[in-house]
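Residue strings, one per chain:
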Amino acid sequence: MRNDIHMFVAANWKMNLDKKSISEFTKSLHKFKFSNQINSCIFPPFIYIDYLHDLIYNLPISVGGQNCHFKSSGAYTGEISAYFLKETGCEYVLLGHSERRILNNENNAEIKSRAQTAINSNLKVILCVGESLTNREEGKALEYIEKQINDCLPNNFKNLIIAYEPIWSIGTGKIPSAFEIQEMHSHIKKFVLKISNKNIDVLYGGSVNTKNIKEILKITNVDGVLVGGASLKAKDFLAIYSAAVKHLNTSL
Ligand code: 13P
């Protein structure tokens, strides 16, 4: 992330929005005045990456893939390579999302090799980590996230951001307390600095919406947000984006 910019607003559309709704969404984007202080990326379903990219190529919003394979080509039916994402105009790729870990059995070792391949293809990686409610309740959240990061971080990584997304917060309307978010983000930053000697940005994800965004952005060590459900409506996505601009301008 550039030094003069310190806020990231990312939209993970998951398996949502069809061509017609994407076209409508982008009409609102074209009427909006973007800020050069914010980095932003939309992660649409793979099949619409090209379509979305063509519609917004002249706006300061990047497009990203929701995953990529650990091989750059080969006999992997149904998979998408990091190289294809790059060639189709993606700047970023999301890796290790809990929905992929849980529903598609992706483990830390596999996520690490996906991240390595993505970096070799010059994609910027947003690596998602997050604990279950049981881990949190047993007081093991910090330890669990530390292991996920230790096992997933590729060697000599560059252009990598971590998104802290507690599993129990995704799509539930429940968010950790400001203290819990601050504690986790600061732990992640310190841990990554210790093992890699690199400073890293950490985004928060999980039930971010237009109502709680202001409070979330105020939390120390939150460098931005990864938004799911609330990013599906252009109006809400832009309200979250505007809150980030406002936050930066009031904290300058
Ligand atoms: P929600 O914002 O819908 O909780 O989803 C968060 C998420 O999983 C983003 O990657």
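Computed from a prediction, not measured in an experiment: that's the story for all the values here.

A. Main features of the pattern of salt bridges. Throughout the structure, instances matching the rule amount to twelve salt bridges. Measuring nitrogen to oxygen at the nearest pair gives 2.5 Å for the salt bridge that ties K124 to E91. Placement of the pair is K124 in strand β5 (residues 124-129) and E91 in the loop between α3 (82-87) and β4 (92-95), with a sequence separation of 33 residues. Note that R136 and E131 form a salt bridge whose closest N and O atoms lie 3.0 Å from each other. Three or more residues are tied together by salt bridges with common partners; here these are R100, E106, E110 and R114.

B. Layout of helix α1 (residues 19-31). For α1, built from 13 residues, the straight-helix expectation of 18 Å at 1.5 Å per residue is met to within 8% by its first-to-last C-alpha distance of 19 Å. Next to the buried residues of α1 lie β2 (39-43), α2 (49-56) and α10 (234-251).

C. Structural view of the pairing of β2. Most of β2 sits inside the fold, with five of its five residues counted as buried. As paired strands, strand β1 (residues 8-12) and β2 are joined by five bridges and run parallel to one another. Bridge assignment links A10 to a residue of β2, and that residue is C41.

D. Structural view of empty space enclosed by the protein. Scanning the model with the defined rule gives one cavity of 30 Å³ or more in all. Estimated volume of the largest cavity: approximately 40 Å³. If you go around the largest cavity, the residues you meet are G96, S98, R101, C128, V129, G130, Q148 and E165. Sorting the residues of the lining of the largest cavity by element identifies α4 (98-103) and β5 as the ones contributing at least two each. By residue class, the composition of the lining of the largest cavity is two nonpolar, four polar and two charged.

E. Main features of the site of the ligand. By nearness alone, every residue bordering the ligand is listed as N12, K14, H97, E165, S169, I170, G171, G206, S207, L226, G228 and G229. At 2.8 Å, a side-chain N or O of K14 approaches an oxygen atom of the ligand. Measuring from an oxygen atom of the ligand, one finds a backbone N or O atom of G229 at 2.8 Å.

F. Region of the structure containing the nonpolar core. Counting 65 residues, the largest nonpolar core has L29, I42, I149, L160, I188, V225 and F237 as the members making the most contacts within it. The element that contributes the greatest number of residues to this core is α10, accounting for nine residues. Setting aside residues up to four positions removed in sequence, L160 forms contacts with I119, V125, L127, L153, P154 and I200. Grouped together as the second largest cluster of nonpolar side chains are twelve residues, C41, F43, A163 and L226 included.

G. The arrangement of α10 in detail. For α10, with 18 residues, the first-to-last C-alpha span of 26 Å sits near the 26 Å given by 1.5 Å per residue. Where the residues of α10 are buried, they touch β1, α1, β2, α9 (213-218) and β8 (224-227).

Reading the values: rules and limits
Residues numbered from 1 in each chain as written. Predicted model: local features only at pLDDT ≥ 70, side-chain atom pairs only at ≥ 80, totals over all residues. Heavy atoms only, no water. Salt bridge = Lys/Arg side-chain N within 4 Å of Asp/Glu carboxyl O. Helix = DSSP H or I, 4+ residues; strand = E, 2+ residues; numbered from the N terminus. Expected span 1.5 Å × (residues − 1). Contact = heavy atoms within 4.5 Å. Buried < 20%, exposed > 50% of the residue type's maximum accessible area, 1.4 Å probe, protein only. Pairing = 2+ DSSP bridges. 1 Å grid on protein atoms, 1.4 Å probe; cavity = no way out; pocket = protein on both sides within 12 Å on 5 of 7 lines; lining within 4 Å. Points joined across faces, edges and corners; volume = space filled by probe spheres on them. Nonpolar A, V, L, I, M, F, W, Y, C, P; charged D, E, K, R; others polar. Near = heavy atom within 4 Å. Polar contact = N/O pair within 3.5 Å; in protein donor to acceptor, adjacent residues only side chain to side chain. Core = buried A, V, L, I, M, F, W, Y, C linked by side-chain atoms within 4.5 Å.

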